[in-house]
Amino acid sequence: MMVLPFLLVAIALALVFFDKPALAHATWGVGLLWTLYLLNVHATDKLNLNF
């Protein structure tokens, strides 16, 4: 779950290298949205981690 945004950004960079910019932008956008979702989960403590 925590590695997914970094994996999506790495895939987006590979797609840019292989000349598929539209798909790279979409993948990068999903990685960004997933990062924002994880930050929201962390800020609201929905997982009840009690740190």
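Structure's up top.
A short tour of the structure in this document, coming up. (Residues numbered from 1 in each chain as written. Predicted model: local features only at pLDDT ≥ 70, side-chain atom pairs only at ≥ 80, totals over all residues. Heavy atoms only, no water.)

**Regarding unusual backbone geometry**
Let me state the cut-off plainly: Helix and strand assignments come from DSSP, with helices taken as H or I runs of at least 4 residues and strands as E runs of at least 2, each series counted from the N terminus. The classification of residues rests on relative accessible area computed with a 1.4 Å probe and restricted to protein chains. Under 20% of the type maximum is buried, over 50% is exposed, and intermediate values are partly exposed.
A positive phi is found at Asp19, a non-glycine position, where the angle reads about 60 degrees. With respect to the secondary-structure elements, Asp19 resides in the loop between α1 (4-17) and α2 (21-44). Given the relative accessible area of 65%, Asp19 is considered exposed.

**Here we look at the side chain of Thr27**
How we decide: Working rule for contacts: check all heavy atoms of both residues, and any pair within 4.5 Å makes them a contact.
With respect to the secondary-structure elements, Thr27 resides in helix α2. Setting aside its immediate chain neighbours within four residues, Thr27 contacts Leu8, Ile11, Ala12 and Leu15.

**Let's talk about a nonpolar patch on the surface**
As a reminder of what qualifies: Residues with no salt bridge and a relative accessible area higher than 30% make up the patches, which join like charges within 9 Å and nonpolar side chains (Val, Leu, Ile, Met, Phe, Trp, Tyr) within 5 Å. With residues, only the protein chains shown are counted as cover, and all accessible areas are computed by Shrake-Rupley using a 1.4 Å probe. Should a side-chain nitrogen of Lys or Arg be within 4 Å of a carboxyl oxygen of Asp or Glu, the pair is scored as a salt bridge.
Residues Met1, Met2, Val3, Leu4, Leu7, Ile11 and Tyr37 make up a contiguous nonpolar surface patch of about 700 Å² in total accessible area. For the nonpolar patch, the element with the most residues is α1, which contributes 3 residues. For Tyr37, the location among the structural elements is in helix α2.

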